[in-house]
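Each chain, written out:
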Amino acid sequence: MINNSPDLASTSVSTLPSLAIVVPCFNEEEVLKLTVDVLSAKLAQLIESHKINEHSYIYFVDDGSSDNTWALIDDFSCNHQLIRGIKLSRNKGHQLALLAGLFSTNEDMVISIDADLQDDTDVIDQMVDRYGSGDDIVYGVRSTRDTDSKFKRLTAESYYSLLDKMGVEIVYNHADFRLMSKRAINSLREFPESNVFLRGLIPQLGFRSSIVSYSRLARQAGETKYPVSKMLKLAWEGVTSFSVMPLRLITSMGLIVSLISLSLTFWVLYLKIFTQSAIPGWSSILLPILFIGGVQLISLGIIGEYIAKIFTETKARPKYIIEKKTYK
Ligand code: UDP
Ligand code: MG
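So, a few notes on the structure that sits alongside this text. (Residues numbered from 1 in each chain as written. Chains lettered and ligands numbered in written order. Predicted model: local features only at pLDDT ≥ 70, side-chain atom pairs only at ≥ 80, totals over all residues. Heavy atoms only, no water.)

**Here's the deal with the coordination of the magnesium ion (ligand 2)**
The magnesium ion (ligand 2) binds to the protein through D116 (OD) and Q118 (OE1); the donor distances cover 1.9 to 2.0 Å. Each member of the pair, D116 as well as Q118, is classed as buried. (Donors = N, O, S within 2.8 Å, 3.2 Å for Na, K, Ca; no water. Buried < 20%, exposed > 50% of the residue type's maximum accessible area, 1.4 Å probe, protein only.)

Dropping the structure here:
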């Protein structure tokens, strides 16, 4: 129950932390109403149980949707005190939309969650409790992913272990459902990079952190906004933003190929000198050339990817542009 006594109310507002729940949305008109219902009930319950203060709110980030998402957010914000939103000028992708939300709110703690309610909102209570006991970052980790397709589960899990092998520090089976304290977000502001892979960046911040696990549910409405192309882009971002292992692999590959061709040369010379037999056929010449040509092109491509990254970073363009807000 919210206390109506002015003195006590002001004490509780000043001592209780404020919470913003950041929700990136791209063409989410089908699920938005349900998201608002579920999250505002959760927020109201947290306020009533005096875990957070009444200045807390839900913060929708419309990532340049082409459907009615913004109109709905605008409408909800007029009717619900707990709802605010911003609209990005164009689609910038999940990671940047999330970042726009984290950087535009200024509360004691921020929880990021997907709009489709695949992440268990009941875990939010535990996250808030962990913040209360001194954690700056609380990672939501999926204990089961039964509702994800077999393909998604397999690719995601092998990707996590690949990143781990490449020396990228990430939390296994954690996506972007997490709580961050104000000081953790302020430290994140100091990372100027525009190629953003939050799952890799946030463990770099340090601070006291912990994990809460939950079962991943099915998307409540609408279709995935992460087609394979966007998934691959994010996966590649994760590797090239945090690991130079692909470049090292090229060097090792080059060394191995050179050693093989050197030994072949010795073998051919040996045949020529001691057995007088020439190697018949042109395929034995052409195939290695094609193979090495392919390896070189792939290697150049990988080096090019890193150079492209330097190129986009040096331009230091704004990561996103906020077109509208539902509040002053
Ligand atoms: N999303 C976004 N911009 C995009 C793609 C996705 O803001 O370009 C949001 C989307 O609205 C959702 C979250 O990112 O809130 C995760 O997307 P989705 O649930 O479709 O991904 P999946 O769970 O299928 O991987
Ligand atoms: Mg989803």
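Now that the structure has been shown, the text picks up again.
**Observations concerning the pattern of salt bridges**
The final tally for this structure, using the stated rule, is 14 salt bridges. The salt bridge involving K225 is made with E28; its shortest N-O contact spans 3.6 Å. Of this pair, K225 sits in the loop between β7 (209-215) and α9 (228-242) while E28 is found in the loop between β1 (19-25) and α2 (32-48), placing the two residues 197 residues apart along the sequence. Relative accessible area serves as the criterion here: at 19%, K225 is assigned to the buried category. By relative accessible area, which is 5% here, E28 ends up buried. Three or more residues are tied together by salt bridges with common partners; here these are E28, D116, R219 and K225. (Salt bridge = Lys/Arg side-chain N within 4 Å of Asp/Glu carboxyl O. Helix = DSSP H or I, 4+ residues; strand = E, 2+ residues; numbered from the N terminus.)

**Comments concerning the site of ligand 1**
Ligand 1 sits among 19 residues. The nearest are E28, K152, T224, K225 and K230. For ligand 1, an oxygen atom lies 2.9 Å from a polar atom in the backbone of F26. Between D63 and ligand 1, the recorded distance is 2.6 Å, taken from a side-chain N or O atom to a nitrogen atom. Across the complex, the protein chains shield 95% of the 530 Å² of accessible surface that ligand 1 would expose by itself. Counted by class, the shell around ligand 1 contains 5 nonpolar, 5 polar and 9 charged residues. (Near = heavy atom within 4 Å. Polar contact = N/O pair within 3.5 Å; in protein donor to acceptor, adjacent residues only side chain to side chain. Areas by Shrake-Rupley, 256 points an atom, 1.4 Å probe, with all protein chains shown as cover. Nonpolar A, V, L, I, M, F, W, Y, C, P; charged D, E, K, R; others polar.)

**Notes on the sheet that holds strand β5 (residues 137-144)**
Reading across from one edge, β7-β5-β6-β4-β1-β2-β3-β8 is the order of the 8 strands in this open sheet, with mixed pairing throughout. Two strands in the sheet have a free side with no partner beyond their single neighbour: β7 and β8 (322-325). Adjacent strand axes in the sheet meet at a mean angle of 25° when their direction is disregarded. Two strands pair when backbone bridges link them, and strand β2 (residues 57-62) and strand β3 (residues 83-88) are joined in this way by 5 bridges, in the parallel orientation. In the strand pairing of β3, F60 is matched with G85. Sheet strands in contact with helix α3 (residues 69-79) are β1, β2, β3 and β8, and its direction is about 150° off that of β3. (Pairing = 2+ DSSP bridges. Axes fitted to C-alpha atoms, helices over the stretch in contact; angles between N-to-C directions. Contact = heavy atoms within 4.5 Å.)

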